[in-house]
Amino acid sequence: MRINSKKVIIAATLLAGLVSSSANAAFNVFACEPEYAALTEALAPNAKVYSATSALQDPHQVQARPSLIAKMRQADLVVCAGADLEIGWLPMLQMKASNNKVLSTDTGLFYAAEHIETLDQLTQVDRSMGDVHAKGNPHLHFDPRKFLKVAQALSAKLTELDPSSAAEYQASLAEFTEQWQQAIPRWEEKAQQLKGKKVIAYHSSFRYLFNWLAIEQVADLEPKPGLPPSSSHLAKLVNRGQQGDIMAIVVASYQDERGANWLGERTDLPVVVVPMSVGGNDQSHDLISLYDSVLTILTEVE
Amino acid sequence: MFSSNKRLTAVAIACAFSSSSVFAEDSSLTNPNISAVLDGFYQSGDRGLGGRSEGFGLGETELAISANIDDMFYGKVTAILEVHDGDTEIELEEAFIQTMAMPGGFGIRAGRFLSDIGYLNNQHIHTDSFSDRPAAYRAFMGGHYFDDGVRLTYVAPTDLYWTMGIEAFSGEKMRAEDEHDERDFNSVGVYSAFTKFGGDIGYSSSWQVGLSYLRNENGKTYLEDEHEPHADDDHDDHEGHSHSASYTGENTYIADFVYKWAPNGNYKYQHLTVSGEYFRVSDIFSFEEDHDHEHDLLSTDSDDYHQGWYLSSVYQFSPNWSAGIRYGEVDTFEAHGDHLDPQKLKETELSLAWHYSHFSTVRLQYTNQQGTNFDGFEDDNILTLQYVMTLGAHGAHQF
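Here the structure is a predicted model, which is why all the values come from computation and not from measurement.

Here is what the cut-offs are and how they apply
Residues numbered from 1 in each chain as written. Chains lettered and ligands numbered in written order. Predicted model: local features only at pLDDT ≥ 70, side-chain atom pairs only at ≥ 80, totals over all residues. Heavy atoms only, no water. Helix = DSSP H or I, 4+ residues; strand = E, 2+ residues; numbered from the N terminus. Buried < 20%, exposed > 50% of the residue type's maximum accessible area, 1.4 Å probe, protein only. Contact = heavy atoms within 4.5 Å. Phe/Tyr/Trp six-rings, centres within 6.5 Å; stacked < 30°, edge-to-face > 60°. Buried area = accessible area lost by both parts, 1.4 Å probe. Salt bridge = Lys/Arg side-chain N within 4 Å of Asp/Glu carboxyl O. Polar contact = N/O pair within 3.5 Å; in protein donor to acceptor, adjacent residues only side chain to side chain. Nonpolar A, V, L, I, M, F, W, Y, C, P; charged D, E, K, R; others polar. pLDDT = per-residue confidence, 0-100. Pairing = 2+ DSSP bridges. Patch = residues over 30% accessible without salt bridge, like charges linked within 9 Å, V, L, I, M, F, W, Y side chains within 5 Å. Areas by Shrake-Rupley, 256 points an atom, 1.4 Å probe, with all protein chains shown as cover. Axes fitted to C-alpha atoms, helices over the stretch in contact; angles between N-to-C directions. Expected span 1.5 Å × (residues − 1). Core = buried A, V, L, I, M, F, W, Y, C linked by side-chain atoms within 4.5 Å.

Asks: Whenever I open this one, the overall build of chain A confuses me. Can you help?
Replies: Secondary structure assignment for chain A yields 10 helices and eight strands. Once the C-alpha set of chain A is aligned to its principal axes, its extents read approximately 95 × 40 × 35 Å. Residues classed as buried in chain A amount to 54% of the 302 residues present. Taking all contacts inside chain A whose residues are at least 6 apart in sequence as the whole, residues at least 24 apart take part in 64%.

The following block contains the structure:
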């Protein structure tokens, strides 16, 4: 009987261990883009974070594939850029995943664009304008001040959903804010020489970066947003590129370089590939090193 | 089908909705999504098994409205306009509600909707890479199977995608032929169960496999000992315009798979899709019990079944161009008096599509069809020139 009761105690202890470990199971976060995965990792170091896309994938065109449905089914929080960037795939995932926690921004859904003033908002949208969205440009993670606001809002969301870790979230936000506030003047000093420079770029991917650093994008490799560079459109850009005032042709890590290279050869302009997000090149392993790498690439353009 | 007055009203309502949505600031799911799909074609010959016919024509012109009803329910209405023999028909393809906030990974859909069996069936035809559904779908699913009913689904909380579901439908489209209008059909005629698994292989590849079973209480065809062969216009029913399944049986089994590849998972510039499905429809005929010479038939034909399959591969090699190849076969039996005739249709198809943007596609397709004992088409080689274009808020496509 003694042995039996011991067994019972052991079994009960094991069971309690299992129950409590599942109760303390990691907070699951589904990030739509790698920059939001990186931000969530910084703000919630103990969370289990999954990034739906990589910096080599166009976040406008993602397949609502089975693995993403499975990950969203288990998520406590879904963090996305918003402003309709994910309109082509996120609603399908939400419907297929049958996870009622992540359907609404009142609960476990977070759109970064809702917490800042987006650039280029439109009052009227027509398909003949290309694939544009009324809510403004969603590629907002290259404005460090706006991104800090997003970090504050995301930290508040984490605290709201997981109040037991509130102290941890507060400490992480304080640390992130401090790092960010130290980095911003350093970045701005480094980027001084870029002020007023003109570039040709692909899409409005770096709209916020250029806005922040006072770089002017004078032409787009895309004839219209969402349409790939066509040869007739590129031919028109040759003249513009030869006027002697352009610093470089800029493409993001997930964009096709062929159009840029074609134009670069005809205009003698350098083509630079800039990481769109964390993981977009070997140097970009977190948000700070992503910014560092982008600025290094742009300031080293010859 | 609506009368022409009702039809105009439906269009007017849709127009009223769409004009307000243009000015709506917020185009997210909380507002109704309005979309229309335009599909027009020219074809050089008739396709077998209820496919598109020769000449200029319109495919399915689709008008859809969808929105979250509240935080619990989502709803969608899809009307299909088709022109046949000079008549414009309106058919409701979808009119369903879907729960969004059920706990535990469960979901319920009720109303009229596309069944989730197989791979292609739950996808809208305008998303296909070929102008018609594979012959197996045209033979056994009436092109694509949608019906009035209810579905319960469950998604497991696992890293490997695993979903399963059960459905019950009225099954009117799936009823066996009833020449003399004398059969007592079950009012809930079709039950189905399905499961799907899926995942990724590295960054570049994704896959899904599915198994489905469909039980059709009204699917068995009762044969009588008729000494006259069936009139020829029976075949016209099969080959002509019909949304009903041409060949039915009591049990249908479907196995399907899809594999997609894109470099680094970036679908924008190039991607490859390989998919295939196999259908087996069994218990297809029954014989009048009290008949004298039934055993002749029974002994030879009781194990007969219909089957069909296809294998398709589509490569989008630039944002503007994609090319596809598809091969499919259908083997069926047709009852002719006191004997069964085996039939076979083989289709080889090549398609080349130009996509100016996400919303417009122009397709050139070559089809070679080889029929054994199939009536209703004369040309083996068919060229189709088709456009498919989408207006308005365009819902996401499924994997």
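Asks: Please explain the packing of aromatic side chains as it appears in this structure.
Replies: To describe a pair of aromatic rings, you give the distance between the ring centres and the angle between the ring planes. Taken as a whole, this structure holds 24 aromatic pairs over all chains when the rule is applied. Taking 6.0 Å as the distance between ring centres and 40 degrees as the angle between the ring planes, the aromatic pair formed by Phe147(A) and Trp180(A) counts as tilted. With Phe147(A) in helix H5 (residues 144-161) and Trp180(A) in helix H6 (residues 166-190), this residue pair connects regions lying 33 residues apart in the sequence. Assessed through its relative accessible area of 0%, Phe147(A) is described here as buried. Using a relative accessible area of 0% as the deciding quantity, one classes Trp180(A) as buried. On the numbers, 6.0 Å between centres and 35 degrees between planes, the contact of Phe140(B) with Phe279(B) is tilted. Here Phe140(B), found in helix H2 (residues 135-140), pairs with Phe279(B), found in strand E13 (residues 271-282); they are 139 residues apart in sequence, far enough to count as distant. Residues Phe140(B) and Phe279(B) agree in their burial class; the two are buried.

Asks: Explain the interface of chain A and chain B to me, please; I cannot follow it from the model alone.
Replies: One frequent convention defines the size of an interface as the accessible area lost when the parts assemble. On the chain B side, the residues contacting the 40 residues of chain A number 55 residues. Regarding the contact of chain A and chain B, the summed buried area is about 4000 Å², with carbon and sulfur atoms giving 53% of it. Here chain A and chain B share four salt bridges between them. The residue Asp58(A) makes a salt bridge to Lys268(B) at a minimum N-O spacing of 3.7 Å. Our count for the contact surface shared by chain A and chain B stands at 17 residue pairs in polar contact (both at pLDDT 80 or more). Mapped by element, the contributors of at least two residues to the side of chain A that touches chain B are helix H3 (66-73) and helix H4 (90-97) of chain A. For the side of chain A that touches chain B, the per-class residue count stands at 17 nonpolar, 12 polar and 11 charged.

Asks: Looking at this structure, how should I read the pattern of salt bridges?
Replies: Pairing between side chains becomes possible if they bear opposite charge and their charged atoms approach one another. What the rule picks out here adds up to 30 salt bridges over all chains. Lys268(B) serves as the salt-bridge partner of Glu222(A), at 3.8 Å between the closest nitrogen and oxygen. Within this pair, whereas Glu222(A) is found in the loop between strand E6 (216-220) and helix H8 (231-241), its partner Lys268(B) is found in the loop between strand E12 (251-261) and E13, the two belonging to separate chains. Among the ionic pairs, Lys196(B) bridges to Asp116(B), the shortest N-O distance being 3.2 Å. With a gap of 80 residues between them, Lys196(B) in strand E9 (residues 190-201) and Asp116(B) in the loop between strand E6 (106-114) and H2 connect regions that are remote in the sequence. Take Lys196(B): its relative accessible area is 5%, and that puts it in the buried class. In this structure, a network of salt bridges that share partners links the residues Asp39(B), Arg47(B), Arg52(B), Asp132(B), Arg138(B), Arg326(B), Glu347(B) and Glu349(B).

Asks: I tried to follow the confidence of the model for chain A on my own but got confused; where do I start?
Replies: When pLDDT is low, close inspection of the predicted coordinates is not appropriate. In this model, chain A carries an average pLDDT of 91, and 91% of its residues clear a pLDDT of 70 or more. Note on residues 16-23 of chain A: pLDDT is under 50 here. Beyond four places in sequence and across chains, it has zero contacts.

Asks: What's the story with the pairing of strand E15 (residues 306-318) of chain B in this structure? I'm lost.
Replies: Sheet faces and side chains relate simply in a regular strand, where the side chains alternate between the two faces. All names here are of chain B. The pairing of E13 with E15 spans 11 bridges and is antiparallel. Its bridge partner lying in E15, Arg280 is registered against Gln307. As paired strands, E15 and strand E16 (residues 321-336) are joined by 11 bridges and run antiparallel to one another. Counted as the bridge partner of Ser312 is Arg326 from E16. If you look at the hairpin formed by E15 and E16, you'll find two residues sitting between the two strands.

Asks: What am I meant to see in a nonpolar patch on the surface here?
Replies: All names here are of chain B. A surface patch of nonpolar side chains, amounting to about 1100 Å² of accessible area, comprises Tyr42, Phe56, Tyr315, Phe317, Trp321, Leu352, Trp354, Tyr356, Leu364, Leu383 and Leu385. Contributions of two or more residues to the nonpolar patch are made by E15, strand E17 (339-357) and strand E19 (381-392). At three residues, E17 tops the list of elements feeding residues into the nonpolar patch. You can see Tyr315 is positioned in strand E15.

Asks: Quick question: what am I supposed to make of the sheet that holds strand E4 (residues 109-111) of chain A here?
Replies: Backbone-to-backbone hydrogen bonds pair the strands of a sheet. The strands run either parallel or antiparallel. All names here are of chain A. Taken in spatial order, the four strands make up an open sheet running E2-E1-E3-E4, and their pairing is parallel. The open sheet has two edge strands, strand E2 (48-51) and E4, and neither has a second partner. This sheet shows a mean twist of 20 degrees between the axes of neighbouring strands, independent of strand direction. Of the pairings in the sheet, the one linking strand E3 (residues 77-80) to E4 comprises three bridges and is parallel in character. Bridged to Val78 within E4 is Leu109.

Asks: I would appreciate a short explanation of the environment of Val238(A) in the present structure.
Replies: Residue and element names in this part refer to chain A. Position of Val238 relative to the elements: it lies in helix H8. With relative accessibility at 14%, the residue Val238 sits in the buried group. Spatially, the C-alpha atoms of Val238 and Arg145 are 35 Å apart, while their sequence positions differ by 93 residues. When neighbours within four sequence positions are excluded, Val238 is seen to be in contact with Trp262, Leu263, Arg266 and Thr267.

Asks: I would appreciate a short explanation of the environment of Tyr154(B) in the present structure.
Replies: Looking at the element boundaries, Tyr154(B) is found in strand E7 (residues 146-155). Residue class for Tyr154(B) comes out partly exposed when judged on its relative accessible area of 23%. Tyr154(B) sits 41 residues away from Thr195(B) along the chain, and the two C-alpha atoms are 9.5 Å apart. Leaving out residues up to four positions away in the same chain, Tyr154(B) has contacts with Arg73(A), Gly104(B), Gly105(B), Phe106(B), Trp162(B), Thr163(B) and Met164(B).

Asks: Looking at this structure, how should I read H6(A)?
Replies: Side chains that are three or four residues apart share a direction in an α-helix, a result of its 3.6 residues per turn. Residues and elements named next belong to chain A. Compared with an ideal rise of 1.5 Å per residue, which puts 25 residues at 36 Å, H6 spans 36 Å between its outermost C-alpha atoms and is within 8% of the ideal. Those residues of H6 not exposed but buried are Tyr169, Ser172, Leu173, Phe176, Thr177, Trp180, Ala183, Ile184 and Trp187. Buried residues along H6 sit against helix H2 (34-43), H5, helix H7 (207-213) and helix H10 (287-299).

Asks: What's the story with the nonpolar core in this structure? I'm lost.
Replies: Membership of the largest hydrophobic core comes to 65 residues, with the highest contact counts inside it found for Tyr36(A), Leu39(A), Trp180(A) and Leu298(A). Leu298(A) has contacts with Leu194(A), Leu209(A), Ile215(A), Met247(A), Val250(A), Val272(A) and Val274(A), leaving out every residue within four places of it along the chain. Counting residues in hydrophobic clusters, the runner-up holds 39 residues, among them Met100(B), Tyr119(B), Ala136(B) and Ile254(B).

Asks: Looking at this structure, how should I read the sheet that holds strand E8 (residues 271-274) of chain A?
Replies: Residue and element names in this part refer to chain A. Here four strands make up an open sheet; going across it, the order is E6-E5-E7-E8 and the pairing parallel. Taken across any chain shown, the strands that pair with only one partner, and hence form the sheet edges, are E6 and E8. Sheet twist, expressed as the mean angle between neighbouring strand axes with direction ignored, is 35 degrees. Note that strand E5 (residues 198-201) and E6 share four bridges and pair parallel. In the strand pairing of E6, Val199 is matched with Gln217. Together, E5, strand E7 (246-252) and E8 form the strand contacts of helix H9 (residues 258-267), whose direction differs from that of E7 by roughly 165 degrees. Strands E7 and E8 of the sheet are contacted by H10, whose axis makes an angle of about 175 degrees with E8.

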